[in-house]
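# Overview (structure and organization)
Chain by chain, the residues:
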Amino acid sequence: MATVDLKDVRKTYFGNVEAVKGVSIAIPDKALCVLVGPSGCGKSTLLRMIAGLEAITSGTVSIGEKVVNAVGPAERDIAMVFQNYALYPHMNVYDNMAYGLRNRGTPKEEIDARVRATAKTLELAHLLERRPRELSGGQRQRVAMGRAIVRYPKVFLFDEPLSNLDAKLRGQMRVEIKSLQRALGVTSVYVTHDQLEAMTLADILVVMNAGEVEQIGAPLDVYEKPASTFVAAFIGAPPMNLLPVAALSAGRTALAAPADAATLGFRPEDATLNPRGGAASGNGAAGLSLDMAVEGVEPVGAESFIYCRMAGERLVLRAAGRTATQTGDGLSAMVETAKLHWFDVAGKRL
Amino acid sequence: MIGSSPLRTYIAHVLLILGVVLVAFPIYYTFVASTQTLQTILRPPLPLVPGDRFFANYYEAIFGGVGRIGGVGVGTLLFNSTVMALGIAVGKIVISILSAYAIVFFRFPLRMTFFWLIFITLMLPVEVRILPTYKVMVDFGLIDTYAGLIVPLIASATATLLFRQFFLTIPGELVEAARVDGAGPWKFFKDILLPLSRTNIAALFVILFIYGWTQYLWPLLVTNRNDMNTIVIGLRKMVSFADADTEWHLVMVTAVLAILPPILVVVLMQRWFVRGLIETEK
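This is a predicted model, so every value here is computed, not measured. (Residues numbered from 1 in each chain as written. Chains lettered and ligands numbered in written order. Predicted model: local features only at pLDDT ≥ 70, side-chain atom pairs only at ≥ 80, totals over all residues.)

### Observations concerning the overall build of chain A
Along the backbone of chain A there are eight helices and 18 strands. Each of the three principal axes of chain A carries a C-alpha extent, and together these read 75 × 45 × 35 Å. When contacts within chain A are restricted to residue pairs at least 6 apart in sequence, those whose partners lie at least 24 apart make up 65%. (Helix = DSSP H or I, 4+ residues; strand = E, 2+ residues; numbered from the N terminus. Contact = placed C-beta atoms within 7 Å.)

And the structure:
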């Protein structure tokens, strides 16, 4: 249906506050692109610029190979799902979904057919006469989705649509959004601050920080090869362990760090654990061995998180299932060379 | 809670009934007087039950005309008052909702200046600007016209402020959703804002209708002809300082008739009125 192309898009407020500092993203047709980042990183501003709700300071936004900088939101052929759903409180579900179509002069019979078909897909058919305030949070969410879907737009824009739902419902809706997006084959841009949502939904993951793109890639590529310490710490729960190279005692670092390395990182699940004094270090594959003190253990069920401290730095390790490790124990962790990530002084991956 | 014991309920009811009697009795007495002959009223004590002159008195007042105000019937006065009160209420609502809409949802140069200009007029009631306003009305030739009665009272900073506060509570996302849905400024106003303001409008209508109905000073100034008087002015003019000159039975009829329309408006719109004051549905 449509590609979405951002070229060096910038947004400046009041002439000097830069909210978005030159972002270029190419989203192919039918792809789901997730913009993720901490609050204030400019991801919502970027989405609103794609929607046409926010003026673009410089750069171009194209939808379906047509530059839409000067096109109003209604004419961009996009549909948006808002964080607080933004349903019209005085209209019933049917009218909420039909309103956009009516404004476009769609024939009555077609509106009716589309609304009923969409309501059926979203299991809203029995709620069409209800007002938004008579619906549960999850149902409102569906209506907001329905209002977007019923338009058959070129692009869906999602602005943190699940953040007002409870955890269980959020997981369920996440799966539903993904399968719906696949089934409809509509190019989508999805904004979230939740890295789990980002990982599971995205075809293309865009990690943003302070108005700039830190990394663009497939979710697992981003996870396995974070481009910067920021991405390493943001993607993954618990986040990647990051240690200043200086904190590693020379003796224990049996391997040569790259020349400019300032920070070393490894994922919590990439460490092999041995009780201190075990025959761990230097054993088997070449790698890094670290001795640390256990400060706390969190058994979650399927896995356990072990919080440790080494040379003043906090670390998190993950053990599958239960662990015998207890608070106050000494621990030796072994990380294979291939699983180590090195970053330079500026935080860029080496 | 209060009223759990029978004695408390009893005392509460006695107090409430006393209050009602205290408020309602003068009105009832007015009604009683309006059904007596002039002679009965002038010869105390006045009976406590309605007399037999109900239809005769009301007919005479409404259709016959009252001598002291130049033979104009109370029907004409009622009509004048209704036109004025409706004109003021509707006019104020239309003007203030539109100005609030402009101030809240549009970005234009000097927006805040305009807002403060409107706000400052709060401090300038009719009484303060009455001479210049009167001069303007004379120059426009609007003395003794409905326009002259209505227009100077039609702008309302209070109502504008009220609508502004309400509009500010409408989430920005709703405005944006409407924009994405292809609703222009007018459509947004008509399809979203007006329906959401319904209860506020109803509440304001009640308050403003009564405000217009009870106007005294301005109608007194701007109307000279007897057939352009409002009922409040007419009522005042019917009363002479010498008791014998005053047709008290007709005065009482007029008083009862003057009370009825505001009561009617309140009763009919009570449900909306209360909702408008308390509702925070979003």
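### Examining the domain arrangement of chain A
Assigned domains of chain A: these are domain 1 (4–233) and domain 2 (239–343). If you average the C-alpha positions of domain 1 of chain A and of domain 2 of chain A, the two centres end up 39 Å apart. (Domains from an automatic or database assignment.)

### What to know about the UniProt feature "transmembrane region" (unreviewed entry) in chain B
Residue and element names in this part refer to chain B. Following the UniProt record, the feature "transmembrane region" (unreviewed entry) maps to residues 7–29, 83–106, 113–131, 143–163, 200–218 and 248–269 here. In the segment residues 83–106, helix accounts for 96% and strand for 0%; the C-alpha atoms at its two ends are 33 Å apart. The distance separating the terminal C-alpha atoms of residues 143–163 is 32 Å; by composition the span is 57% helix and 0% strand. (UniProt positions renumbered as here; feature names shortened; annotations may be inferred.)

### Some points on the interface of chain B and chain A
Residue-level contacts link 16 residues of chain B with 18 residues of chain A. Elements with a contribution of two residues or more to the side of chain B that touches chain A: helix H9 (172–180) and helix H10 (185–213) of chain B. Of the residues belonging to the side of chain B that touches chain A, the class tally is eight nonpolar, one polar and seven charged. (Nonpolar A, V, L, I, M, F, W, Y, C, P; charged D, E, K, R; others polar.)

### As for the UniProt feature "domain: ABC transporter" (unreviewed entry) in chain A
Here, the residues flagged by UniProt with the feature "domain: ABC transporter" (unreviewed entry) are residues 4–235 of chain A. Helix makes up 36% of residues 4–235 of chain A and strand 26%. Its end C-alpha atoms lie 24 Å apart.

### A short note on the sheet that holds strand S18 (residues 341–343) of chain A
Residues and elements named next belong to chain A. In spatial order, the strands read S11-S12-S18; together these three strands make up an open sheet with antiparallel pairing. In this open sheet, the two edge strands, each paired with only one partner strand, are strand S11 (241–244) and S18. Shown here is a sheet whose adjacent strand axes are inclined to one another by a mean of 25 degrees, direction ignored. Sheet topology places strand S12 (residues 263–266) next to S18; three bridges connect them, and they run antiparallel. Bridge pairing links Leu 264 to Trp 342 in S18. (Pairing = 2+ DSSP bridges. Axes fitted to C-alpha atoms, helices over the stretch in contact; angles between N-to-C directions.)

### Some words on the nonpolar core
The biggest cluster of nonpolar side chains holds 120 residues, and the ones touching the most others in it are Val 34, Leu 35, Leu 157 and Val 189 of chain A. Examining the composition of this core, we find that 10 residues originate from one element, H10 of chain B, more than from any other. Lining this core are residues from two domains, each supplying at least three of them: domain 1 (4–233) and domain 2 (239–343) of chain A. If sequence neighbours within four positions are ignored, Leu 35 of chain A has contacts with Lys 43, Leu 46, Leu 47, Val 189, Val 191, Val 206 and Met 208 of chain A. Listed in part, the 20 residues of the second largest apolar core include Val 66, Val 74, Trp 248 and Val 253 of chain B. (Core = buried A, V, L, I, M, F, W, Y, C linked by C-beta atoms within 7 Å. Buried ≥ 20, exposed ≤ 12 C-beta atoms within 10 Å, placed from the backbone.)

### Observations regarding the confidence of the model for chain A
Chain-level statistics for chain A give a pLDDT mean of 88 and a share of 94% at 70 or above. Segment residues 278–284 of chain A: pLDDT under 50, and nine contacts once partners within four positions in sequence are set aside and those in other chains are kept. (pLDDT = per-residue confidence, 0-100.)

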